[in-house]
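Structural characterization, general
The residues making up each chain are set out below.
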Amino acid sequence: MTLPPRLFAPRAWQMFRWLRDPLKFLDECVDRYGSHFLMNLVGLNMAIISDPKAIADLFALDPSQFTSGSSNSLLEPLVGSSSILLLDDRAHRRQRKLLLPPFHGERMTTYGKLICDLTRHQTATWQSGQVVGGRQLMQTITLKTILQAVFGLVAGDRYHRIQQLTTTILDLLGSPIGTLFLFNRSLQQDWGQWSPWGWFLAYRSQLDELLYAEITDRQAEQATGSGGDRTDILSLLLAARDEAGQPMTSAEIRDELITLLLAGHETTAISLSWALWWLTQNPEMVDRIRQEIATLGDRPDPVAITRLPYLNAFCQETLRIYPVAIALFPRSLTQPVTVGNQAYPSGVSLFGCTYLVHRRPELYPNPEQFRPERFLERSFTASEFMPFGGGSRSCIGMAFAQFEMKLVLATLVMDWDLGLGYAGLVPPVPARRGVTVGPSGPIRLRVTRRTPPAEV
Ligand code: HEM
């Protein structure tokens, strides 16, 4: 079996580039080695793949041909060993079956008004001419959305403390030093409160305490039937029973809650922050989005907004040009497979590289140009446009995240003109934040109220 070319550089250098400037590093590698190449990272023998035909085969692999959960062990300190991210086989299938329905179809559309209201609430105190931090705004809105949709939490001390601790933990792990600790098991030592890992553990245990307190309260509510008709995801997890009729343990529920909290909030917030940046750069696109919304009448229905084609194309282009997850979860082969025309032996971890696929010029001419129209001019297959991955490990929040992005952006542009906070601002560049990649700066916006604001 002839393997693809292997990156010729010391492992520490490969890791340094992957963490420090991953996009430039990938651009250089693809130019030199092509659509399949091997490298060594976090102890994995990784194949980086950017040929859409090979990606289509990757998505079609049977779950028995690879493991993903065990290769995600890097995330265990954060999400716990029962998280869906760390599971494989039957346990993984079972959790997916449980978690998918609330993020799709009818159930999801009930969150439409919630998202518009939260966006309006967050901007209610803005004054015309004020400068606001776009990234922080998006983090707050997406975190509140998840807390309400997943936990059913709306107000109170616990809600605020979970919100604060989640933000603190993500900021800590997203900083350059936090990222280094996350990717290096040997650095993950608890040397007390004053060591970075010690901090992380202390914050995590405070968050755990709050999550367990919420789980206990809700278990009691369910036992006495005093919870009313709750439709949030925590209620579903509490009610779930396995084949033997056993409920999930509190530790399992905690791991799933924290997974959804972290996977569902930071990713969407980063994508929305990029979207804000592109809006400030392209006033004609803002006009076009507004015109499209205007076709829906005075009080547009949130679900109708999410079906608007140009708004959809704008969000897709945002997710294409700088995908939050530059590569998919590893698929570590348990048997030899061929993807595209390339054969791989068991033991290699296949990484579909979203960033490189999204930059292929034959699919996306002038790939560095932000041009939503490309999504109106032709359609792309699941392995050509893949910000949410695919196959048996695809993102369970895919529909929810896009729904949320569209409603937050539509609500903002209906009510506000968005300019840049400072003239001559240096454009943000993609920078690593832990396992994700997002804009380097806070995206400062100067906001001006439009009159009269539209109602949703
Ligand atoms: C713009 C926002 C988002 C992006 C770009 C994104 C991207 C991704 C990607 C690339 C994967 C891995 C797919 C693969 O390897 O094939 C993934 C998995 C996952 N995502 Fe998302 N995601 C987003 C939002 C969300 C939301 C809102 C939730 C839930 C609240 C969520 C929950 C998950 C979970 C639980 C998995 C693991 C699925 C599994 O292992 O079976 N994500 N996401």
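Residues numbered from 1 in each chain as written. Predicted model: local features only at pLDDT ≥ 70, side-chain atom pairs only at ≥ 80, totals over all residues.

1. So, the overall build of the protein
To keep it simple, the criterion reads: For helices the rule is a DSSP run of H or I covering at least 4 residues; for strands it is a run of E covering at least 2, with both sets numbered from the N terminus onward. Two things to know: the radius of gyration comes from C-alpha atoms, and the globule rule equals 2.2 Å times the number of residues to the power 0.38. Buried means a residue has 20 or more other C-beta atoms within 10 Å of its own C-beta, exposed means 12 or fewer, and partly exposed covers the counts in between; C-beta atoms are placed from the backbone. Contact definition: two residues whose C-beta atoms, as placed from backbone geometry, lie within 7 Å.
The helix and strand tally for the protein stands at 19 helices and 12 strands. For 456 residues, the compact-globule formula gives about 23 Å, and the C-alpha radius of gyration of the protein, at 22 Å, lands near that figure. Principal-axis analysis of the C-alpha atoms gives the protein an extent of 65 × 60 × 45 Å. Looking at the protein as a whole, 42% of its 456 residues are labelled buried. Taking the intrachain contacts of the protein between residues at least 6 apart in sequence as the baseline, contacts between residues at least 24 apart amount to 73%.

2. Examining helix H19 (residues 398-415)
One full turn of an α-helix is made of 3.6 residues, so residues set three or four places apart face in the same direction. Going by this rule: In a helix, the anticipated span is given by 1.5 Å times the number of residues less one.
Its 18 residues place the ends of H19 26 Å apart at the C-alpha level, agreeing with the 26 Å of an ideal helix rising 1.5 Å per residue. Counting buried residues along H19, 15 of its 18 residues qualify, which places the element largely inside the surrounding structure.

3. Quick notes on the packing of helix H14 (residues 283-294) against H19
Packed helix pairs are specified by the crossing angle of their axes together with the interaxial distance, meaning the distance between the axes. Quick note on the threshold: Angles here are taken between N-to-C directions and fall from 0 to 180 degrees, while the axes themselves are lines fitted to C-alpha atoms, restricted in helices to the stretch in contact. With respect to orientation, any angle under 35 degrees is reported as roughly parallel, any angle over 145 as roughly antiparallel, any angle of 65 to 115 as roughly perpendicular, and every other angle as oblique. Lys, Arg, Asp and Glu make up the charged group, whereas Ala, Val, Leu, Ile, Met, Phe, Trp, Tyr, Cys and Pro make up the nonpolar group; the residues left over, Gly among them, are polar.
The N-to-C vectors of H14 and H19 enclose an angle of 100°; their axes lie 10 Å apart at closest approach. In terms of orientation, H14 and H19 fall into the roughly perpendicular class. Where H14 abuts H19, its residues Val286, Ile289, Arg290 and Ile293 lie against Ala410, Val413 and Met414. Each residue belonging to the contact of H14 with H19 can be placed in one class, and the counts come to six nonpolar, no polar and one charged.

4. What to know about the sheet that holds strand E12 (residues 444-449)
To keep it simple, the criterion reads: Pairing between strands is defined by DSSP: at least two bridges between the two strands are required.
Spatially, three strands are ordered E4-E12-E9 in an open sheet, and the strand pairing comes out antiparallel. This sheet does not close on itself; its edge strands, each paired only once, are strand E4 (130-133) and strand E9 (416-420). Between one strand axis and the next, the sheet turns by 40° as a mean value, whatever way the strands run. Here E4 pairs with E12 via four bridges, running antiparallel. The residue of E12 that forms the bridge with Gly133 is Arg444. Along the sheet, helix H13 (residues 250-281) contacts E9 and E12; its crossing angle with E9, the most-contacted strand, is approximately 85°.

5. Quick word on the pairing of E12
Summarising the sheet, E9 and E12 pair through five bridges and their orientation is antiparallel. In the sheet register, Leu420 faces E12, and the bridge partner there is Leu445.

6. Some points on the site of the ligand
Worth spelling out the cut-off: Residue proximity rests on one test: whether the C-beta atom, placed from the backbone, lies within 6 Å of the molecule or strand.
In the vicinity of the ligand lie 25 residues, with Gly264, Leu328, Gly389, Cys395 and Gly397 positioned nearest. Of all the elements in the fold, those that place two or more residues in the shell around the ligand are H13 and H19. Ranked by residue count, the leading element in the shell around the ligand is H13, at seven residues. Here the residues of the shell around the ligand sort into 14 nonpolar, nine polar and two charged.

7. Focus on the sheet that holds strand E1 (residues 36-41)
Spatially, five strands are ordered E1-E2-E8-E5-E3 in an open sheet, and the strand pairing comes out mixed. Every other strand in the sheet has two partners, leaving E1 and strand E3 (66-67) as the edge strands with one partner each. By the bridge criterion, two bridges tie strand E5 (residues 331-333) to strand E8 (residues 349-352) in an arrangement that is antiparallel. Each residue of the ladder has a partner; that of Ser332, found in E8, is Ser349.

8. A look at unusual backbone geometry
Its identity is not glycine, yet Asp89 carries a phi of approximately 55°, on the positive side. Within the secondary structure layout, Asp89 lies in helix H5 (residues 89-99). Exposure remark for Asp89: the 11 C-beta atoms within 10 Å place this residue in the exposed category. Notably, Ile443 is not glycine yet its phi reads approximately 55°, a positive angle. Secondary-structure assignment places Ile443 in the loop between strand E11 (436-439) and E12. The class of Ile443 is buried, set by 26 C-beta atoms lying within 10 Å.

9. Digging into the nonpolar core
Test applied: Buried Ala, Val, Leu, Ile, Met, Phe, Trp, Tyr and Cys residues whose C-beta atoms connect them within 7 Å together make up a nonpolar core.
By size, the foremost hydrophobic cluster in this structure holds 115 residues, and its most contacted members are Ile49, Val150 and Cys353. The element that contributes the greatest number of residues to this core is H13, accounting for 15 residues. Leave out the neighbours within four places in its chain, and Cys353 touches Leu26, Ile48, Ile49, Ser50, Ile326 and Ala327.

10. Section: the environment of Ile115
When you line up the elements, Ile115 lands in helix H7 (residues 112-123). Taking the C-alpha atoms as reference points, Ile115 and Val408, 293 residues apart in sequence, are found 6.7 Å from one another. If we ignore the near neighbours within four places in the chain, the residues touching Ile115 are Thr145, Glu404, Leu407 and Val408.

11. Quick word on the environment of Ala56
Mapping Ala56 onto the fold places it in helix H3 (residues 52-59). With 335 residues separating them along the chain, Ala56 and Gly391 place their C-alpha atoms 8.8 Å apart.

12. Looking at H13
With 32 residues, H13 should cover 46 Å at 1.5 Å per step; its first-to-last C-alpha distance of 47 Å lies within 8% of that length. Along H13, 26 of the 32 residues are buried, which leaves the element largely enclosed by surrounding structure.

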